[in-house]
Amino acid sequence: ERYEKEDGEMKKIYWSMCLIVILLLIFDGTGRAVTLRFWTGHGSPDIDKWFDEVLIPQFEQAHPGVKVERLRVPWGELNEKIMTAFAAGTAPDIVFSGTEQIIDEAIKGLARPLNDYIKKWGEYRNFISMAWKHETIGGKIYRVPIHISSRALMYNKTIFKQAGINPNIIPEKWEQIAELGKKLNLRDDKGNLIRLGADLWYTHQFCQGFYYFLYQNKGKIIADDFSKSLFNSEAGIETLQYFVNLFNELTPPNLPALPSGPIPNFAAGKIAIYVNTPQGISDLEKYAPKEFEFGIAFPFRKSRIIQLYVNGIYITTQSKNPDLTWEFIKFFASSDNLRVFNNTYFTINPRKFGAKIDDPFIKQRPLLVAFYEQAQKIGIPYPIIPNYGTLQNRILKDAMDA
């Protein structure tokens, strides 16, 4: 009885200490509840709803007294808004940012290194290595990967068949893609473009489409030590010439371009071959007529690669509650939450998925399965370049458009 009584007392002391630790995390020393400010450039109506009605309320329920305030900032404004907030000393605690931002977040002192937290977390090996490679600068891990996007060629097998082309052909080689694009381009008697044979320049962000093909041609944008630009190398010129030739063949400036409608043109059957993302599968399910059948290809020339656009979440160096912020990141990056987030957003889960994909959501979508499989087989991190935004949006984009 004496031992049982002492054991009971020890348990009370233990749980009392745990409660004290939790309260110390939650309150800032003044008795006031802690508010964590969370900024993200990612979003969609479904993702916004999941953040606000599921993820954040569950975290707050598990951490009484904690309030998480989420702000979604448009992608085009995120970098400027973050830099302005840091300059004013009002940066948020948590930022969920895009692929290109990681290098500036590291070298400009925006993101807090996470190595010490991750060592204690024990989940490092449960993520694919390429995701961590992207989030690591100079041996320091600055973000936890949340989702991965990539690029591939999707093609409308139904259009192939209607045009007398074998729908089982997989458009992979550059020459083959160009030839099919020319055959599938269709204009009416007045010269109006009814169907675009191939759109490889990825209208959403042309530089990304160019980089995808440049790396297939064993080219690079910049030297590994950032000392020299390489996009104007022989491989770069050859890649851009390929784009120019096909662009002028399919959409010459003297003829009308393909008009856009309320439904994305590829989903509407107005583009035969298209550089698309995993998220594009959502558009096909939402808009594409059921009579369309789609295929997927991973083109190559001198090498076959798929660039991984890793997006991650970090603790800002101005956060006054880094330990509690880390608790939120761990919660967000848990196995269940990453599965729900990536399936909702139609992106690739950075956690290891193995040779066999068991998730029913993924298994019933062959195009999405292909993205997962190829990311694991031939995926490489997207190039990490200082001042990427300036290089891409103010230098390369204008030069390549010209």
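The text that follows walks through the structure, step by step, so that each part is easy to find. (Residues numbered from 1 in each chain as written. Predicted model: local features only at pLDDT ≥ 70, side-chain atom pairs only at ≥ 80, totals over all residues. Heavy atoms only, no water.)

Summing up its helical and strand segments, the chain has 16 helices and 13 strands in all. A total of 402 residues make up the chain; the buried ones form 51% of that total. When the accessible surface of the chain is split by element, carbon and sulfur atoms take 52% of a total near 20,100 Å². Treating the 48 positive side-chain charges of the chain as one cloud and the 44 negative ones as another, the clouds have centres 3 Å apart. (Helix = DSSP H or I, 4+ residues; strand = E, 2+ residues; numbered from the N terminus. Buried < 20%, exposed > 50% of the residue type's maximum accessible area, 1.4 Å probe, protein only. Areas by Shrake-Rupley, 256 points an atom, 1.4 Å probe, with all protein chains shown as cover. Lys, Arg positive; Asp, Glu negative; His and termini not counted. Charge placed at Lys NZ, Arg CZ, Asp CG, Glu CD.)

In this section: the layout of surface pockets. Reported here for the second largest pocket is a volume of approximately 440 Å³. Only helix 11 (279-287), strand 11 (294-297) and helix 15 (366-378) provide two or more residues apiece to the lining of the second largest pocket. When residues in the lining of the second largest pocket are grouped by element, the largest group, 4 residues, is from strand 11. Each residue belonging to the lining of the second largest pocket can be placed in one class, and the counts come to 13 nonpolar, 2 polar and 5 charged. (1 Å grid on protein atoms, 1.4 Å probe; cavity = no way out; pocket = protein on both sides within 12 Å on 5 of 7 lines; lining within 4 Å. Points joined across faces, edges and corners; volume = space filled by probe spheres on them. Nonpolar A, V, L, I, M, F, W, Y, C, P; charged D, E, K, R; others polar.)

Okay, the sheet that holds strand 7 (residues 152-156) next. In space, the 5 strands of this open sheet follow the order 8-9-10-7-11, with mixed pairing throughout. The sheet terminates laterally at strand 8 (186-187) and strand 11, the two strands that pair on one side only. Pairing between strand 9 (residues 193-199) and strand 10 (residues 271-276): 3 bridges, direction parallel. Following the sheet pairing, L196 is matched in strand 10 by I271. (Pairing = 2+ DSSP bridges.)

Among the nonpolar cores identified, the biggest contains 76 residues, and L200, I221, I273 and F371 are the most heavily contacted of them. Excluding its chain neighbours within four sequence positions, the residues that come into contact with I273 are L153, M154, Y155, F160, I177, L180, G181, L184, G197, A198 and D199. In this structure, I47, Y117, I118 and I315 belong to the second largest nonpolar core, which totals 33 residues. (Core = buried A, V, L, I, M, F, W, Y, C linked by side-chain atoms within 4.5 Å. Contact = heavy atoms within 4.5 Å.)

The next subject is the pairing of strand 6 (residues 144-149). Of all 6 residues that make up strand 6, 6 are buried, and the element is covered over most of its length. For strand 6 and strand 12 (residues 306-315), the ladder comprises 5 bridges, and the chain directions are antiparallel. Bridging across to strand 12, H147 finds its partner in N311.

Our next topic: the environment of D199. As for its placement among the helices and strands, D199 is situated in strand 9. Distance from D199 to L153, taken between C-alpha atoms, is 9.3 Å for residues 46 residues apart in sequence. Setting aside residues no more than four positions away along its own chain, D199 makes contact with I271, I273, Y274 and V275.

A regular strand places its side chains so that they alternate between the two faces of the sheet. Bridge count between strand 1 (residues 35-40) and strand 2 (residues 67-72): 6 bridges; the pairing is parallel. By the bridge assignment, W39 is partnered in strand 2 with L71. The parallel pair strand 1 and strand 2, bridged by helix 2 (residues 45-62), forms a crossover whose chirality is right-handed. (Right-handed = clockwise from strand over helix to strand, strands pointing away.)

Going through the model one piece at a time under the given rule, you end up with 36 aromatic pairs. Between the aromatic rings of F51 and F341, the centroid separation amounts to 6.1 Å while the plane-to-plane angle is 45°, which identifies the pairing as tilted. One end of the pair, F51, is in helix 2; the other, F341, is in helix 13 (residues 335-345), and 290 residues separate them in sequence. A residue is classified by how much of its surface remains accessible, and F51, at 0% relative accessible area, is buried. Joined through ring pairs, the aromatic side chains of F38, W50, F51, F59, F96, F328, F331, F332, F341 and Y345 make up one cluster. We note R151 situated over the ring of Y309; from NZ or CZ to the ring centre the distance is 4.0 Å. (Phe/Tyr/Trp six-rings, centres within 6.5 Å; stacked < 30°, edge-to-face > 60°. Lys NZ or Arg CZ within 6 Å of the ring centre and 35° of its normal.)

Time to look at the pattern of salt bridges. Note that side chains of opposite charge can pair when their charged atoms are close. Going through the model one piece at a time under the given rule, you end up with 13 salt bridges. One salt bridge connects R70 with D48, and the closest N-O pair in it is separated by 3.3 Å. Here R70 is found in strand 2, whereas its partner D48 is found in helix 2, with 22 residues between them in sequence. Owing to a relative accessible area of 16%, D48 belongs among the buried residues under this scheme. Between E172 and R304 there is a salt bridge, with its nearest N and O atoms 3.2 Å apart. (Salt bridge = Lys/Arg side-chain N within 4 Å of Asp/Glu carboxyl O.)

Moving on to the side chain of T99. Residue placement: T99 occurs in the loop between strand 3 (94-97) and helix 4 (102-107). By relative accessible area, T99 is classed as buried at 4%. With residues up to four places along the chain from it excluded, the contact list for T99 reads H134, R143, Y309, V310, N311 and Y382.

Glancing now at the environment of K356. The residue K356 is located in the loop between helix 13 and helix 14 (360-363) in this model. In this structure, the C-alpha to C-alpha distance between K356 and E373, residues 17 residues apart in sequence, is 9.0 Å.

As a further point, take the packing of helix 2 against helix 13. One can describe the packing of helix 2 onto helix 13 by two numbers: an axis separation of 10 Å at closest approach and a directional angle of 165°. Here helix 13 runs roughly antiparallel to helix 2, going by the angle between their axes. Here helix 2 and helix 13 pass one another in a crossing that is right-handed. Across the interface between the two elements, D46, I47, W50, F51, L55 and Q58 from helix 2 touch N337, V340, F341, T344 and Y345 from helix 13. (Axes fitted to C-alpha atoms, helices over the stretch in contact; angles between N-to-C directions. Parallel < 35°, antiparallel > 145°, perpendicular 65-115°, else oblique. Left-handed = near helix turned anticlockwise from the far one by under 90°.)

Further remarks concern helix 15. Working note: α-helix, 3.6 residues per turn, so residues spaced by three or four point in the same direction. Here helix 15 spans 18 Å end to end across 13 residues, near enough to the 18 Å set by a 1.5 Å rise per residue. Within helix 15, burial applies to L367, L368, V369, A370, F371, Y372, Q374, A375 and I378. (Expected span 1.5 Å × (residues − 1).)

This next bit is on unusual backbone geometry. With phi around 65°, F226 is a residue other than glycine that occupies positive phi space. Relative to the assigned elements, F226 resides in the loop between helix 9 (206-216) and helix 10 (234-250). In this structure, F346 is a non-glycine residue whose phi angle is positive, near 55°. Topologically, F346 is positioned in the loop between helix 13 and helix 14. Judged by relative accessible area, F346 falls into the buried class, the value being 7%.

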